[in-house]
Amino acid sequence: LYQPWYHGNITRSKAENLLSNIARDGSFLIRDSESVQGAYALCIIYLLFLQASDGVPIRFFALLNDLVDAYYSPNMGLITHLQYPVPREEDIEDDQECSNLPPQLPPRKISPDLKENDSKTLEQASKSLSDTYQMRLQHVDMSHLSEEHQMALQEYFRTSICLDVEQAQNGNSNLPGLKKLLMAVCKNLNSEISRVLPALEIFHRALDQQLSPGCCTPLRIRKSLIPVVTFEVKQESIGMSTKMFLKVDVESGKLYFKKSKDGPEDKYFVHNKILKLVKSQKMHAKLIIMVETEKEKTLKKEFVFDDTKKREGFCQLLQQLKNKHSEKPEPDMITVFVGTWNMGTAGPPNNIDSWFQCKGQGKTSDESADHIPHDIYVIGTQEDPLSEREWAETVKSVLRKITNISFKLVASHTLWNIRIMILAKPEHENRISHIFSDSVKTGIANTLGNKGAVGVSFMFNGTSFGFVNSHLTSGSEKKLRRNQNYTNILRFLNLGDKKLNPFDITHRFTHLFWLGDLNYRVELPSTEAEYIVARIKQQQYQELLSKDQLNMERNDEKVFLHFDEEEITFPPTYRFERDTREKYAYTKAKATGTKYNLPSWCDRVLRKSYPLVHVVCHSYGCTNDIMTSDHSPVFASFEVGVASQFVSKQDPNTESQGGIQIMNCVAVLLTKAKTKFFIEFHSSCLESEITTFDLFSGGSVFQPVCRGTLLTPIISDPEYLLDQHILICVKSVDSDESYGEGCVALRAAQFCYREFQITLTHHGERTGTLTGGIQLHTSEGKPTEKLYGEAGDRLLDESMTVFFKESDNNPIDFLLLSDFIKVERDDAVPFKGKGGDKGADEPVSEMFDNPLYGSMVKTHGRGKEQGHSLTDHLTPGDPPQSSSKAADLELERPPLPTPRNRSYTCSENKPQHPTPTNLLPTLQKKPVVPSRSEGGTAPSRPPLPAKSRPEPQAPKSRDYRDISDVHNKNRAPARPAQPHKDSKEMASI
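Residues numbered from 1 in each chain as written. Predicted model: local features only at pLDDT ≥ 70, side-chain atom pairs only at ≥ 80, totals over all residues. Heavy atoms only, no water.

As named in an unreviewed UniProt entry, the protein chain is phosphatidylinositol-3,4,5-trisphosphate 5-phosphatase, taken from Oryzias sinensis. Heading Sequence similarities (unreviewed entry) of the UniProt record for the protein chain holds this comment: "Belongs to the inositol 1,4,5-trisphosphate 5-phosphatase family." (UniProt positions renumbered as here; feature names shortened; annotations may be inferred.)

A.B. asks: Mind showing me how you'd approach the packing of aromatic side chains here?
C.D. replies: A ring pair, where both rings are aromatic, is described by two values, the distance of the centres and the angle of the planes. Throughout the structure, instances matching the rule amount to 32 aromatic pairs. Between Phe356 and Tyr377, the ring centres sit 6.3 Å apart and the planes meet at 55 degrees, which makes this aromatic pair tilted. Pair noted here: Phe356 is in helix H8 (residues 353–356) and Tyr377 is in strand S14 (residues 376–382), with a separation of 21 residues, a long-range link. Side by side, Phe356 and Tyr377 carry an identical accessibility label, which is buried. Seen from their ring centres, Phe467 and Phe513 are 5.4 Å apart, and the 10 degrees between their planes marks the pair as stacked. Of the two residues, Phe467 sits in strand S19 (residues 463–471) while Phe513 sits in strand S20 (residues 511–517), which places them 46 residues apart along the sequence. Of note, Lys254 hangs over the ring of Tyr268, and the distance from its end group to the ring centre comes to 4.6 Å. Against the face of Phe436 rests Lys498, its NZ or CZ located 3.8 Å from the ring centre. (Phe/Tyr/Trp six-rings, centres within 6.5 Å; stacked < 30°, edge-to-face > 60°. Helix = DSSP H or I, 4+ residues; strand = E, 2+ residues; numbered from the N terminus. Buried < 20%, exposed > 50% of the residue type's maximum accessible area, 1.4 Å probe, protein only. Lys NZ or Arg CZ within 6 Å of the ring centre and 35° of its normal.)

A.B. asks: What is the right way to look at the nonpolar core in this model?
C.D. replies: Val336, Ile376, Val378, Phe458, Phe465, Phe467 and Phe638 are the most contacted members of the largest nonpolar core, which has 53 residues in total. Not counting the four nearest positions on each side in its chain, Val336 is found in contact with His374, Ile376, Val378, Phe465, Phe467, Ala636, Ser637, Phe638 and Val640. The next biggest cluster of nonpolar side chains, apart from the first, holds 30 residues, and it includes Tyr720, Ile726, Val730 and Ile758. (Core = buried A, V, L, I, M, F, W, Y, C linked by side-chain atoms within 4.5 Å. Contact = heavy atoms within 4.5 Å.)

A.B. asks: What is the right way to read the environment of Asn446 from this model?
C.D. replies: Mapped onto the secondary structure, Asn446 falls in the loop between strand S17 (432–441) and strand S18 (452–460). Classification of Asn446 by relative accessible area gives partly exposed; the value is 35%. Each C-alpha atom of the pair Asn446 and Asn485 lies 8.9 Å from the other, and the pair is 39 residues apart in sequence.

A.B. asks: Teacher, can you tell me more about the pairing of strand S21 (residues 587–590) here?
C.D. replies: For S21 and strand S22 (residues 593–596), the ladder comprises four bridges, and the chain directions are antiparallel. When the bridges of S22 are listed, Lys588 appears paired with Lys595. The antiparallel pairing of S21 with S22 creates a hairpin that spans two residues between the two strands. (Pairing = 2+ DSSP bridges.)

A.B. asks: Where do I start with the sheet that holds strand S25 (residues 634–641) in this structure?
C.D. replies: Backbone-to-backbone hydrogen bonds pair the strands of a sheet. The strands run either parallel or antiparallel. Strand order in this open sheet of seven strands is S13-S24-S25-S12-S14-S16-S15, and the pairing throughout is mixed. Looking at the sheet topology across the chains shown, the edges are occupied by strand S13 (361–363) and strand S15 (408–415). On average, each strand axis in the sheet is inclined to that of its neighbour by 10 degrees, with strand direction left out of account. As defined by bridge partners, S15 adjoins strand S16 (residues 418–424) across seven bridges and the pair is classed as antiparallel. By the bridge assignment for S16, Ser412 is matched with Met421. (Axes fitted to C-alpha atoms, helices over the stretch in contact; angles between N-to-C directions.)

A.B. asks: Would you explain a nonpolar patch on the surface in this entry?
C.D. replies: The grouping of Leu189, Ile193, Val196, Leu197 and Leu200 at the surface amounts to a nonpolar patch, some 430 Å² of accessible area in total. Within the secondary structure, Ile193 is located in helix H6 (residues 187–208). (Patch = residues over 30% accessible without salt bridge, like charges linked within 9 Å, V, L, I, M, F, W, Y side chains within 5 Å. Areas by Shrake-Rupley, 256 points an atom, 1.4 Å probe, with all protein chains shown as cover. Salt bridge = Lys/Arg side-chain N within 4 Å of Asp/Glu carboxyl O.)

A.B. asks: So what exactly am I meant to see when it comes to the sheet that holds S19 here?
C.D. replies: Strands sit in the order S17-S18-S19-S20-S23 across an open sheet of five strands; the sheet is mixed. Of all strands in the sheet, those bounded by a partner on one side alone are S17 and strand S23 (603–609). Put simply, the sheet's adjacent strands are angled 15 degrees from each other on average, direction ignored. With nine bridges joining them, S18 and S19 adopt antiparallel strand pairing. When the sheet's bridge partners are listed, Phe460 is paired in S19 with Thr463. Along the sheet, helix H10 (residues 479–492) contacts S17, S18, S19 and S20; its crossing angle with S17, the most-contacted strand, is approximately 140 degrees.

A.B. asks: Quick question: what am I supposed to make of the pattern of salt bridges here?
C.D. replies: Side chains that carry opposite charge are capable of pairing whenever their charged atoms lie near each other. Enumeration over the complete set of coordinates arrives at 33 salt bridges. Residue Lys401 is joined to Asp353 by a salt bridge in which the shortest nitrogen-to-oxygen separation is 3.0 Å. Here Lys401 is found in helix H9 (residues 388–403), whereas its partner Asp353 is found in helix H8, with 48 residues between them in sequence. The partner of Glu577 in a salt bridge is Lys583, with the nearest N and O atoms 3.4 Å apart. One network of salt bridges, in which partners are shared, links Asp548, Arg554, Glu565 and Arg604.

A.B. asks: Explain unusual backbone geometry here, please?
C.D. replies: Where the residue is not glycine, phi is negative for most of them; where a peptide bond is considered, it is trans in most cases. Here the bond from Tyr574 into Arg575 is cis, since omega is 10 degrees, no more than 30 degrees from zero. Relative to the elements of secondary structure, Arg575 occurs in the loop between helix H14 (549–555) and S21. The phi torsion at His434 lies on the positive side, around 50 degrees, for a residue other than glycine. Secondary-structure assignment places His434 in strand S17. In this structure His434 comes out as exposed when scored by relative accessible area, which is 56%. Phi angles above zero are rare outside glycine, and His562 is one such case at about 70 degrees.

Here's what the structure looks like:
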């Protein structure tokens, strides 16, 4: 029975918005509970607040109608009786495109008013159906069939089809007539299989027996063989340029320096003597190679490649060489290929190598990297006409041809014509575990699978991965429907650790990759079609990307909140004429008129990772030689840091107990619910979730939720803990529903107590903020060096750090730092600190910044999305007075480096805002504060004239760990003690 007040599975925030829009006391609706399966939530508004269940008498009702009728009466225990039901919003128009539906049964001429007791009508309908199929059979050429098969078909349509229809109408999947027909037609096939199968079994047993020793030479297992590659470069020395050749032999682990292509190969460096690669930002084709000579001296060589792509190919080969010959038992970095292709219900061409080699348009790989295999391949397809087995064999064959490796199928999941397939190197087979897969239908009425998503998740040693391939609603005008598809997939796709039920898939994985035909279009009038094509031919994409629906929706935080996408430098991938990539077919004739499908970037790859993890995108583009579909395949490749399955080297009986202390948490929630809240902490480093027992009411006042919580990790070794993250969930007491989730990286507190501020989200929506402090106590030990992370006594405490320099001519440059491959400005000042000179030959940036949340690599097309990485940050602080143990530990430690802001453009101090004394520790230090890029509120000022800028004092060495010297430029205001006047619309806890 239709009830206007029942809204189904809408989200809690959606229900609050509906009630707030009505803004009448006594307005109510009922929705499905988010926390309890099969339960309902009654939402009622009074004095602009939603009532909590606290104090409401318990009553039992058999039906929802009985509950609503009862609470229409006053004095039933609610703060006000039910008065005004909030009607449901008009359902978003269902997607009517059914081109991908499975084959439908022929139209049945059965009257809809057929009654079960009307046997005469049933007999007439059955006879009509039987006559229809027999008539169709007469118009089909069956001359090539045997007489036995012809008679079997005629007999089925004459006598058996009506019985099968009756069985299907009763919900019985057993169709006896069809089963009998198939057995008759396949009778000879069964006998042929019975005759051939014994011979195959004998052949298999003969091959399966172990051979006696020495009877023959054992077969060699095929291994990846990356060919030797030689690069022609120019060497910069004393202002002169000389031609040189760099020969990379990955298999032998050697790098040769040669003066001529065919010259002697007596000068080479083995893998452990190649120390570092430094990429120049001033000259994008320039690379500095630092090697160790026989006399244990560091030698710096500067080379200029033909172009940036050649330099990147060389760096990838050197990274592969280092990985291959590393002495570490487990990898700490892998590469992941992610590809998506709407196949347009057409099989693939004979050659699809370019897709897996990241060749085509956009950010692509150099030909020198063609044979470098990725560790994991993730392939998502839509409108895929092949069977799962056929497609798997096709992909394996291509990868075997390219890499000479027989990849292992990790998982495959299919929903109608939407498929995701994951393959991995054989050596990783035992490193991959906890594999889950699931699907969500978002087609018509969310019951058909022509649109929807499939997903796979797994653990790679100690790192969790999630992959989602989705095909969303088509049509330029159905943007809102696509947004709803995304929300439904977030809510109902069940992947990952089942203990993380309060969190959706955007928080369950260290790395989440979302790919597919998202179907977001370029939002321009159809009359602009020729103009769009002209801009594409001129490779002028930015104007079109500014009208890209996905970019606009992300900027408005309606979808893919906190996701990152690499800059798009390739043309729209839809809608091409088949068998060519030179012409877009943007018109389509239909019975209702001409339909326009403007060229658009429908096929996309996005990602979301935990804070302070290593992720670098090496390629993002599309192919231009695979033309069987009206979509072009899209590829992306990533370098990803992974954690090992940690085994402590310390004696558990003597290992000191570690701790994770979280203090002074303050949450501000965008809600009108007047209820009580608590916090849950989840992490794989904890035995179970930890719940705070402090209960605080919502309202318009800032109140501390958690003054101090000590979490005890299962392992206290810093090598393990620094790779872990704490997931935080704010829940209501009355319904146990989540009001916001976030994540904090323990690596942020590696050196000292840190304050943090994170954005809380729920089902893809921003729901508030959480601020607090975190301090990490670990056992004795030193983290191992990573290929991508910190090295030795390096000051920086994260694997990816943003460097920037301000100058007259250059905007802020974002640079990526890693251990082996480094990106820096080549005109930087050498760093000198405790421990002496870090190498006069090593260029170091003049200043550094340390934002700890969000993507640390420069991304494009994000708009407001950038606010996530700039707002969610941590700043150093001091432990509270109550934690004497923590203070003692802090005093016993030697002074440790702390990231801070340095600038030569503006150095005068700014006054500080007053800070509430109840939120500050006793020991007063000057904390490092966020710069303008981190959300500081100091007004921006024009740069000083060039002549008045203070020049860096190069001769004088400076200890960067002296916190007292930190400039107070752009100091952020302290947390207010009283609520702001504009905070009345938010309930804070």
